[in-house]
Amino acid sequence: MLELKEISLSFWGNAVLSKCSLHLAPGDRIALMGPSGCGKTTLLRTALSLQQPDSGTVICRARKPAAVFQEPRLLPWLTTLENVNLVLSDTPETLPAAQAWLDCMELGDSALLYPAELSGGMQQRVSLARALACKPDLLVLDEPFKGLDTALNDRILEVLKKALDGASLLLATHREEEALALGCRIVRYNAGQFVS
Amino acid sequence: MKPSAEKKNKSAGRWQRFSGSRLSHPAVWLFWIAVWFLLSLLVHRELLLPGPLQVLQKLGSMMLTGAFWSSVALSLLRILGGILAALILGVLLAILTEYSSLAKALFSPLMLLVRSTPVVSFIILALIWLGRDILPLFISALMVLPVVWANVSAGIAGRDPQLMEMARVYRLPRGRVFRRITVPSVLPHFRAALRSALGLGWKAGIAAEVLTVPKQAIGRMIYESKLYLETTELFAWTLTVILLSYVIERLLLRLVLLPGSVPKAKDISGQKEEVGRA
């Protein structure tokens, strides 16, 4: 599904990724864990082809990739519902499906609100609803549960676990319990290299 | 806060509603019309400075003639035609230059050149190339084009890179990215361009008409009023130009694209019901 071969990347002489290799087979779930600023986000951006590595190869065979970034990245001029519908057909026909995903994220009543009218945690849940709505075969999540309280976090994790349904998952997180709840293989990452 | 400072602030607040965005407050206009009236009384020569009442009277009598309306209609047609052409061309050119670095390298200096050249130079030059009836259209378009191009280019370049990355990851079709991200990002810039374009195009078009004297045109009427020392008529035509500019700006800004880019929740309440039913 996704293969990174000896990826290296440096910014202004500082190595962020040093010959990193990663293989994510269909249905695999990998959690990258490491301290802040160790390069997890850069690795995910490289995997999504948003960042060109200095050397190495990225092979992505996903037909329907989806991502939740650290920022919600919602279109401010669209409602919550329209933001989710954007990755579907963006027509009225798929609005009920978009609404169903918002309901799953406990945001059913906020469908007609604009992102600016939502809290940070709610925006992040809309972003998750959008990612799951398109039924991805590769899901890349970069600390997606930031700003959620513990009880809600557990419920959302449960929804996510059910929704994954055979999709490959690449997750960056600080919290081991999230990785374990999603059934991920944990890969420790520090100073641009995998440590285990 | 010290009492004197408080008093100063209160006084500033009192006058604030007459300034800034409220420049069109009727009291402000009445003040300047009164100044004009007093000055005309002081000068006491219609040939040098006619009073506001005389000008209004003249405008009223002009409005009863067919020549007035045909001149207004043809000037509007020429100048608005030029502005419309520049809007379309400016948007297309902005798209081209933002997506092609070669086109940007070619057209950027040209646009800068057009912006920096005095309008009179273009009018005289174009008089050699074009017929006098079409020249105001060309000049309006030429003056408006760089403004529209610059604003729309800034809008395209200023699209949120995070949203563009999101679109890339989700592999959104180009048409959807254009409709959902590019258009809303460019809209405020286009609106600003439209506002500048109307004023600029209108003034440049009238100036072109004055210099080229086409058959039926406001510019021709202004030129003839000056030629025959009909100062009151000159003022009446100038007032017509100002009023038309104001009305066109108001109308176009209200009709074309001017609701906010973010729709109100009530506008899509029907959509919510639709989802509920489904």
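Residues numbered from 1 in each chain as written. Chains lettered and ligands numbered in written order. Predicted model: local features only at pLDDT ≥ 70, side-chain atom pairs only at ≥ 80, totals over all residues. Heavy atoms only, no water.

Participant: Is there a simple way to explain the interface of chain A and chain B in this structure?
Facilitator: Frequently, the measure chosen for interface size is the accessible area removed from exposure when the parts meet. In this assembly, 37 residues from chain A lie in contact with 27 residues from chain B. Counting the surface chain A buries against chain B, the share from its top three residues, R73, W77 and L112 of chain A, is 25%. Across the chain A-chain B interface, the total number found is 4 salt bridges. We note a salt bridge from R179 of chain B to D90 of chain A, for which the minimum N-O separation is 2.9 Å. The interface formed by chain A and chain B contains 12 residue pairs in polar contact (both at pLDDT 80 or more). For the side of chain A that touches chain B, the per-class residue count stands at 24 nonpolar, 6 polar and 7 charged. (Contact = heavy atoms within 4.5 Å. Buried area = accessible area lost by both parts, 1.4 Å probe. Salt bridge = Lys/Arg side-chain N within 4 Å of Asp/Glu carboxyl O. Polar contact = N/O pair within 3.5 Å; in protein donor to acceptor, adjacent residues only side chain to side chain. Nonpolar A, V, L, I, M, F, W, Y, C, P; charged D, E, K, R; others polar.)

Participant: Which parts of the structure should I look at to understand empty space enclosed by the protein?
Facilitator: It is a probe the size of a water molecule, rolled over the atoms, that shows where empty space is left. Residues and elements named next belong to chain B. Applying the stated criterion across every chain yields a total of 1 cavity of 30 Å³ or more. Considered as a void within the structure, the largest cavity measures approximately 40 Å³ in volume. What lines the largest cavity is simply L80, L198, G199, W202, S245, I248 and E249. For the lining of the largest cavity, the elements supplying multiple residues, two or more each, are α9 (174–212) and α11 (231–255). For the lining of the largest cavity, the class distribution of residues is 4 nonpolar, 2 polar and 1 charged. (1 Å grid on protein atoms, 1.4 Å probe; cavity = no way out; pocket = protein on both sides within 12 Å on 5 of 7 lines; lining within 4 Å. Points joined across faces, edges and corners; volume = space filled by probe spheres on them. Helix = DSSP H or I, 4+ residues; strand = E, 2+ residues; numbered from the N terminus.)

Participant: Just to check I follow, could you spell out helix α10 (residues 218–227) of chain B for this structure?
Facilitator: Along an α-helix, residues three or four apart share an orientation, since each turn contains 3.6 residues. All names here are of chain B. The complete set of buried residues in α10 reads I218, G219, M221, I222 and S225. Along the long axis of α10, the arc covered by the buried residues comes to 160°, so they all point the same way. Trailing α10 by a residue or two, L229 shows a phi angle of about 55°, which is positive. (Buried < 20%, exposed > 50% of the residue type's maximum accessible area, 1.4 Å probe, protein only. Arc of directions from axis to C-beta.)

Participant: What is the right way to read the confidence of the model for chain A from this model?
Facilitator: Low pLDDT means the predicted coordinates in that region are not meant to be read closely. Averaged over every residue, the pLDDT of chain A is 89; the share at 70 or more is 98%. For chain A, strand β9 (residues 193–194) of chain A is the element with the lowest average pLDDT, namely 72, and helix α2 (residues 80–85) of chain A is the one with the highest, namely 96. (pLDDT = per-residue confidence, 0-100.)

Participant: When you look at the layout of surface pockets in this model, what are you seeing that I'm missing?
Facilitator: Residues and elements named next belong to chain B. When its volume is computed, the largest pocket comes out at roughly 660 Å³. Contributing to the lining of the largest pocket are 14 residues, with W29, I33, L239, I242 and L243 lying nearest its centre. Counting residues per element, the ones that place at least two in the lining of the largest pocket are α2 (26–43), α3 (52–63) and α11. For the lining of the largest pocket, the element with the highest residue contribution is α11, accounting for 6 residues. Along the lines of polarity and charge, the residues of the lining of the largest pocket split into 12 nonpolar, 2 polar and no charged.

Participant: Could you clarify how one ought to interpret the confidence of the model for chain B in this entry?
Facilitator: Residues and elements named next belong to chain B. When pLDDT is averaged across chain B, the result is 83; 83% of the residues are at 70 or more. Within chain B, helix α8 (residues 161–169) carries the highest mean pLDDT (95), whereas helix α12 (residues 269–277) carries the lowest (45). Low pLDDT, under 50, characterises residues 259–278; the stretch is placed with 29 contacts to residues that sit more than four places away or in other chains.

Participant: Can you walk me through the nonpolar core in this structure?
Facilitator: Looking at soluble globular proteins, one finds that nonpolar side chains tend to be buried together. One finds L139, L170 and L182 of chain A to be the most contacted residues of the largest nonpolar core, which totals 76 residues. With 6 residues, the single largest contributor to this core is helix α4 (residues 120–133) of chain A. Counting 36 residues, the second largest nonpolar core, distinct from the first, contains V186, A236, I248 and L253 of chain B. (Core = buried A, V, L, I, M, F, W, Y, C linked by side-chain atoms within 4.5 Å.)

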